[in-house]
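# Structure at a glance
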Amino acid sequence: MATVHLRIGDLVWGKLGRYPPWPGKIVSPPKDLKKPRGKKCHFVKFFGTEDHAWIKVEQLKPYHAHKEEMIKINKGKRFQQAVDAVEDFLKKAKGKEQNSDGKGDSKGKKTPSKPLKILEEDDEDLSALKDPSEKPASSMEPISKRLKIIEEDTGSTSIQAADSTAINGSITPTDKRIGFLGLGLMGSGIVSNLLKMGHVVTVWNRTAEKCDLFIQEGARLGRTPAEVASMCDITFSCVSDPKAARDLVLGPSGVLQGIRPGKCYVEMSTVDPETITELSQVITSRGGRFLEAPVAGSQQLSNDGMLVILAAGDRTVYEDCSSCFQAMGKTSFFLGEAGNAARMMLILNMVQGSFMATIAEGLTLAQATGQSQQTFLDILCQGQMASTFVDQKCQNILQGNFKPDYYLKHIQKDLRLAISMGDMANHPTPMAAAANEVYKRAKALDQSDNDISAVYRAYIH
């Protein structure tokens with residue numbers, strides 16, 4: 001296959017993280033935004049948004065050659081608006097070219113026509129293509145580096161997510177030594193992105209063979225959690241449940257044995273607030289500094305460095321983890337005292353788990369009443385509930401592909417913990433309780449290690 005050479009002004013389809021290919025234009029990057037080291041990429045301005053990003057060459061395709069293909073595989077109102085914006089943009093450019101061709105000087109000479117390739121002076125047209133109904137995202141106390149305001153030549157401003165993996169080549173990795181415990185679905189992607197962004201990482205996993213790939217990528221090997229904690233300035237952990245989190249810290253050769261004054265421990269597992277309180281107390285009792293930082297997302301989002309990080313506890317640790325959070329996530333929130341992030345994460349996963357169970361129920365009811373499941377999905381993806389999550393999980397179900405992106409057993413664990421949290425607060429959680437029963441049924445059908453979309457099978461057996 002011949003190599004396609006792209007340059008400034010070309011219209012392209014760019015793949016950014018977990019998002020579908022999106023129409024954009026290659027432009028000159030701002031002077032203060034360095035190109036990612038060692039990567040062949042172009043700086044792309046996306047239509048219909050205010051997003052800019054460094055996109056790898058292999059994630060770019062020429063606009064015209066792949067237009068029909070992309071329109072077939074992508075759906076949604078915003079996507080169509082972006083495509084319409086490109087077409088309007090091309091019409092304007094063609095009109096300018098024709099006007100230029102029709103004009104001459106007093107001697108009948110024609111002025112040079114502007115090429116159809118859209119040049120930098122037309123960028124102000126793009127700034128008007130943002131969906132006016134969109135509102136800027138907000139957070140309680142985001143890291144100050146999370147959003148970068150870039151002044152364009154046109155005088156307009158755009159907000160760029162500085163910690164998206166597509167552009168985090170500009171990250172300056174911390175000089176602190178990083179440890180990471182747990183290389184499961186989420187941890188593997190996190191460690192890979194930490195290494196890609198230049199962090200010095202020491203890894204440990206209960207199944208040691210999982211460390212081999214990361215050693216090849218430049219990670220160091222720790223023999224025990226205690227050794228990792230003693231060798232590193234900041235140690236992260238990401239394991240399956242409260243018991244595993246406690247055992248990692250309190251068990252034989254556990255983290256607690258390697259904690260010294262000033263050492264930082266960051267618990268990224270999704271656990272209950274009581275477990276967080278216990279771990280925080282034992283770490284700080286040894287002079288250590290503690291932060292909880294569970295992540296919202298999936299294996300794919302972890303691989304793409306597009307997780308959402310919820311942090312709480314020692315604010316100075318949160319700040320020390322700045323470059324790490326930029327490498328692994330698209331944004332982070334600081335939520336105050338330890339335990340708050342666990343509470344928020346359980347609420348989020350409770351909603352996600354209940355929603356997934358409802359989607360599965362709708363698909364099975366459609367089938368039971370003689371309706372097309374594919375048509376149900378098509379309609380759903382054109383309405384207000386349209387999302388990448390809905391589309392991907394429904395496609396999993398229709399294709400019978402339940403390869404785990406987020407384990408079913410883990411979402412059931414989170415529902416159980418959320419219900420317990422509701423009990424302690426004397427707050428009703430009837431929807432979560434109903435969904436929990438469906439997931440328990442799916443687990444009884446040996447779906448524990450499948451994706452959460454496998455809850456569908458609880459309705460058909």
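Structural data are supplied above this passage.
The rules behind the values
Residue indices follow the written sequence of each chain, beginning from 1 at its first position. Given that this is a predicted model, residues contribute local features only at a pLDDT of at least 70 and side-chain atom pairs are listed and counted only at 80 or more, while totals for whole chains, interfaces and linings are drawn from all residues. With hydrogens and water set aside, each side-chain value is computed from the structure's full complement of heavy atoms. Only the stretch in contact is used when a helix axis is fitted, and all axes are lines through C-alpha atoms; the angle between N-to-C directions ranges over 0 to 180 degrees. Secondary structure elements are taken from DSSP: a helix is a run of H or I of four residues or more, a strand is a run of E of two residues or more, and numbering for both begins at the N terminus. Should an angle lie under 35 degrees it is considered roughly parallel, over 145 roughly antiparallel, and from 65 to 115 roughly perpendicular; all remaining angles are considered oblique. Each crossing is labelled by how the near helix is turned from the far one, with a counterclockwise turn of less than a right angle marking it left-handed and a clockwise turn marking it right-handed. Contacts: residue pairs with any heavy atoms within 4.5 Å of one another. Lys, Arg, Asp and Glu make up the charged group, whereas Ala, Val, Leu, Ile, Met, Phe, Trp, Tyr, Cys and Pro make up the nonpolar group; the residues left over, Gly among them, are polar. Buried, partly exposed and exposed residues are distinguished by accessible area as a fraction of the type maximum, computed with a 1.4 Å probe on protein chains only: under 20%, between the cut-offs, and over 50%, respectively. Definition used for salt bridges: Asp or Glu carboxyl oxygen within 4 Å of a side-chain nitrogen of Lys or Arg. Each Phe, Tyr or Trp ring (for Trp, its six-membered ring) is paired with any other whose centre lies within 6.5 Å, and the angle between the two planes then decides the class: stacked below 30 degrees, edge-to-face above 60, tilted in between. Here, a charge over a ring is recorded when the distance from Lys NZ or Arg CZ to the ring centre is within 6 Å and its angle to the ring normal is within 35 degrees. For two strands to pair, DSSP has to find at least two bridges joining them. Under the rule applied, a polar contact is a pair of N or O atoms within 3.5 Å (in protein, one hydrogen donor and one hydrogen acceptor; residues adjacent in sequence only if both atoms are side-chain atoms). Here, two cysteine sulfur atoms that lie within 2.5 Å of each other are counted as a disulfide. When the strands point away from the viewer, a crossover counts as right-handed if the path from the first strand over the helix to the second runs clockwise.

With that out of the way, let us pick up the packing of helix α12 (residues 340–368) against helix α14 (residues 388–399). Relative to each other, α12 and α14 sit at 50°, their axes nearing to 11 Å. The pairing of α12 with α14 is recorded here as oblique in orientation. Of the two elements, α12 crosses α14, and the hand of that crossing is right-handed. Judged by residue contacts, Gln352, Phe355, Met356, Ile359 and Leu363 of α12 engage Phe389, Val390, Lys393, Cys394 and Ile397 from α14. Across the contact of α12 with α14, the residue classes tally to eight nonpolar, one polar and one charged.

The next thing to look at is the packing of α12 against helix α15 (residues 408–424). Taken N-terminus to C-terminus, the directions of α12 and α15 make an angle of 120°; their axes are 8 Å apart at the nearest point. When the interaxial angle is binned, α12 and α15 end up oblique. The element α12 and its partner α15 pack so that their crossing is left-handed. Of the residues in α15, those touching α12 at Arg343, Leu346, Ile347, Asn349, Met350, Gln352, Gly353 and Ser354 are Ile411, Asp414, Leu415, Leu417, Ala418 and Met421. Taken together, the residues of the contact of α12 with α15 break down into eight nonpolar, four polar and two charged.

We now examine unusual backbone geometry. Residue Ser253 is not a glycine yet carries a positive backbone phi of 55°. In this fold, Ser253 is placed in the loop between α7 (242–250) and β12 (264–267). Overall, the relative accessible area of 32% leaves Ser253 in the partly exposed class. The phi angle at Asp446 is positive, at roughly 65°, despite the residue not being glycine. Within the secondary structure, Asp446 is located in the loop between α16 (430–444) and α17 (457–460). Look at Asp446 and you get exposed, because its relative accessible area is 68%.

Moving on: the pattern of salt bridges. Once their charged atoms are close, side chains differing in charge can pair, the charge on each being opposite to the other. One pass over the full model with this rule turns up 13 salt bridges. The salt bridge partner of Glu87 is Lys67, with a shortest N-O separation of 3.2 Å. Linking Glu87 in helix α2 (residues 77–102) with Lys67 in helix α1 (residues 63–73), this pair joins segments that are 20 residues apart in sequence. Here Glu87 falls in the partly exposed class, since its relative accessible area comes to 23%. A salt bridge links Lys440 to Glu437, with the nearest nitrogen and oxygen atoms 3.1 Å apart.

This part takes up the packing of aromatic side chains. A full pass over the atoms with the stated rule returns nine aromatic pairs. Between Trp13 and Tyr63, the aromatic rings sit 5.1 Å apart at their centres with planes inclined by 20°, giving stacked as the arrangement. With Trp13 in strand β1 (residues 11–14) and Tyr63 in helix α1, this residue pair connects regions lying 50 residues apart in the sequence. Between Phe236 and Phe325, the ring centres sit 6.3 Å apart and the planes meet at 70°, which makes this aromatic pair edge-to-face. With Phe236 in strand β11 (residues 234–237) and Phe325 in helix α11 (residues 322–328), this residue pair connects regions lying 89 residues apart in the sequence. Here Phe236 matches Phe325 in class, with each residue buried. One aromatic cluster is present, built from ring pairs that chain together Phe180, Phe236, Tyr318, Phe325 and Phe334. Against the face of Phe334 rests Arg315, its NZ or CZ located 4.8 Å from the ring centre. Cation over ring: Lys409 sits above Tyr407, and NZ or CZ is 5.1 Å from the ring centre.

We now examine the sheet that holds strand β2 (residues 22–26). Across a sheet, paired strands are connected by hydrogen bonds in the backbone, their directions being either parallel or antiparallel. Here we have five strands laid out as an open sheet, ordered β4-β3-β2-β1-β5, and antiparallel in their pairing. Of all strands in the sheet, those bounded by a partner on one side alone are β4 (52–56) and β5 (60–62). Between one strand and the next, the sheet's axes are offset by a mean angle of 45°, whatever the strand orientation. In this sheet, β4 lies alongside strand β3 (residues 41–46) in antiparallel orientation, the contact comprising five bridges.

In terms of burial, strand β16 (residues 329–334) is largely enclosed, as five of its six residues are buried. In terms of strand pairing, strand β15 (residues 307–313) meets β16 through five bridges, oriented parallel. In the sheet register, Leu307 faces β16, and the bridge partner there is Gly329.

Another aspect to go through is the side chain of Thr275. The residue Thr275 is located in helix α8 (residues 273–285) in this model. When near neighbours in sequence (up to four residues on either side) are disregarded, Thr275 contacts Pro242 and Arg246.

Our focus in this paragraph is the side chain of Ser323. Within the element layout of this structure, Ser323 appears in helix α11. Within polar-contact distance, the side chain of Ser323 engages the backbone nitrogen of Thr174 at 3.0 Å. Ignoring any residue separated from it by four or fewer positions in sequence, one finds Ser323 in contact with Ile171, Thr172, Pro173, Thr174 and His199.

A few words on the state of the cysteines. Inspection of the entire model under this criterion finds zero disulfides. In this structure Cys264 is not part of a disulfide, and its nearest cysteine sulfur, from Cys321, lies 6.7 Å away. Its sulfur unpaired, Cys321 is 5.6 Å from the next cysteine sulfur, which belongs to Cys324. Cys321 sits in the buried class, given a relative accessible area of 0%.

The alternating pattern of β12 places Cys264 and Val266 and Tyr265 and Glu267 on opposite faces, both of which are buried. Of the pairings in the sheet, the one linking β11 to β12 comprises four bridges and is parallel in character. Directly across from Phe236, in β12, lies its bridge partner Val266. Remark: the β11/α7/β12 crossover connection has right-handed handedness. Of the pairings in the sheet, the one linking β12 to strand β13 (residues 289–292) comprises four bridges and is parallel in character. Bridge assignment links Tyr265 to a residue of β13, and that residue is Phe290. Once the chain exits β12 it traverses α8 before rejoining the sheet at β13, and the crossover so formed is right-handed.

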